[in-house]
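Structure assessment
Chain residues, written in single-letter form:
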Amino acid sequence: MKHQIISKKMWTFIACILLLLVFMASASISYLISKTDEKENEFIPAFVSCEVVESFDGSVKSDVGVKNTGNVDAYIRATVIVTYVDELDPSRVLGRSPILDSDYTLTWGDSAWAKGADGFWYYREPIAPGAVSTDLIDEVKSLNDAPEGYRLSVQILATAIQAQPANVVTDHWDVNEYGGQITPIT
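Let me begin by describing the structure that accompanies this report. The model shown is predicted, which means the values in this text are computed figures rather than measured ones.

Rules of the game
- Residues numbered from 1 in each chain as written.
- Predicted model: local features only at pLDDT ≥ 70, side-chain atom pairs only at ≥ 80, totals over all residues.
- Heavy atoms only, no water.
- Helix = DSSP H or I, 4+ residues; strand = E, 2+ residues; numbered from the N terminus.
- Rg over C-alpha atoms; globule rule 2.2 N^0.38 Å.
- Buried < 20%, exposed > 50% of the residue type's maximum accessible area, 1.4 Å probe, protein only.
- Contact = heavy atoms within 4.5 Å.
- Areas by Shrake-Rupley, 256 points an atom, 1.4 Å probe, with all protein chains shown as cover.
- Lys, Arg positive; Asp, Glu negative; His and termini not counted.
- Charge placed at Lys NZ, Arg CZ, Asp CG, Glu CD.
- Phe/Tyr/Trp six-rings, centres within 6.5 Å; stacked < 30°, edge-to-face > 60°.
- Lys NZ or Arg CZ within 6 Å of the ring centre and 35° of its normal.
- Patch = residues over 30% accessible without salt bridge, like charges linked within 9 Å, V, L, I, M, F, W, Y side chains within 5 Å.
- Salt bridge = Lys/Arg side-chain N within 4 Å of Asp/Glu carboxyl O.
- Pairing = 2+ DSSP bridges.
- Axes fitted to C-alpha atoms, helices over the stretch in contact; angles between N-to-C directions.

With that out of the way, let us pick up the overall build of the protein chain. Looking only at helices and strands, the protein chain features 2 helices and 10 strands. Going from N to C terminus, the protein chain has its helices and strands arranged as α-β-β-β-β-β-β-β-β-α-β-β. Taking 186 residues into account, the globule formula puts the C-alpha radius of gyration at 16 Å, and the protein chain, at 33 Å, lies well above it. If one aligns the C-alpha atoms of the protein chain with their principal axes, the spans along those axes are about 120 × 35 × 30 Å. Here the protein chain, with 186 residues, has 25% of them falling under the buried criterion. Sequence-distant contacts in the protein chain: of pairs separated by 6 or more residues, those separated by 24 or more amount to 68%. On the protein chain, roughly 12600 Å² of surface is accessible, and the fraction owed to carbon and sulfur atoms is 56%. Counting 14 positive and 25 negative side-chain charges, the protein chain places the averaged centre of each group 21 Å from the other.

Following this line, the structure appears as structure tokens:
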């Protein structure tokens, strides 16, 4: 009989301890819910984009660079397409291409740009959001009259890719990256 009394007392003690633990846990959770301030999620997703900036006076295109219009540092690449387009319908392109130094002149910008084997010009360093590269082209102008009904067209098409992590640019473009600079594979 003594053994049964000890067992009943022991079970009563264990039940009281469990009840106390449940009460403390619920009180703690209630306190945290009522007293903890909300935190606004400040995550801003990366947005990568760019645009070509240039001066054009109607006959001479100059100071051609690329602006990072995204919100993260980005590497830039560009290609230059020189054609004759129909004056009335610029979507129509003459089958004969203009010839450099015969039909037009083109003065390239500084050495921050490097030409890759794939035909793209790569800006070696990442460009900060809102910043503009140095000139890819200093000046391009027509030397001769275009064929009748056509005009000289110089288009610069640019693309951007996020600079970090570095493997993004090396995985998607034909470049090597070292120390925050890219070098096109030639």
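Now that the structure has been shown, we can carry on.
What follows deals with the packing of aromatic side chains. Going through the model one piece at a time under the given rule, you end up with 4 aromatic pairs. Taken together through their ring pairs, the aromatic side chains of Phe120, Tyr122 and Trp173 make up a single cluster. When the ring centre of Phe56 is taken as reference, the NZ or CZ atom of Lys61 above it lies at 5.9 Å. One Lys or Arg, Arg77, reaches over the ring of Phe120 and ends 4.0 Å from the middle of that ring.

Right, let's talk about a nonpolar patch on the surface for a bit. A cluster of nonpolar residues, Met10, Trp11, Phe13, Ile14, Ile17, Leu18 and Leu21, forms a patch on the protein surface that exposes about 750 Å² of accessible area. You can see Trp11 is positioned in helix α1 (residues 2–35).

Below, the discussion takes up the environment of Ile76. Mapped onto the secondary structure, Ile76 falls in strand β3 (residues 74–86). Ile76 gets classed as buried once you look at its relative accessible area, which sits at 0%. Counting along the chain gives 87 residues from Ile76 to Ala163, while the straight-line C-alpha distance between them is 9.4 Å. Leaving out residues up to four positions away in the same chain, Ile76 has contacts with Cys50, Val66, Trp113, Trp121, Tyr122, Tyr123, Ile127, Thr159, Ala160 and Trp173.

Let us now look at the sheet that holds β3. Across the sheet, which stays open at both edges, the 4 strands sit in the order β5-β6-β3-β8 with antiparallel pairing between neighbours. Looking at the sheet topology across the chains shown, the edges are occupied by β5 (113–115) and β8 (150–162). Averaged over all adjacent pairs, the angle separating strand axes in this sheet is 25°, with direction ignored. Bridge analysis of β3 against strand β6 (residues 121–123) gives 2 bridges, and the strand direction is antiparallel. Within β6, the position partnered with Arg77 by the bridge is Tyr122.

Before going further, it helps to spend a moment on the sheet that holds strand β2 (residues 60–68). Here we have 4 strands laid out as an open sheet, ordered β1-β2-β7-β4, and antiparallel in their pairing. Each edge of the open sheet is held by one strand with a lone partner, namely β1 (50–56) and β4 (104–108). Going across the sheet, the axis of each strand differs from the next one's by a mean of 20°, ignoring polarity. Both β2 and strand β7 (residues 137–142) contribute to a ladder of 4 bridges, which runs antiparallel. Within the sheet, the bridge partner assigned to Val64 lies in β7 and is Ile137.

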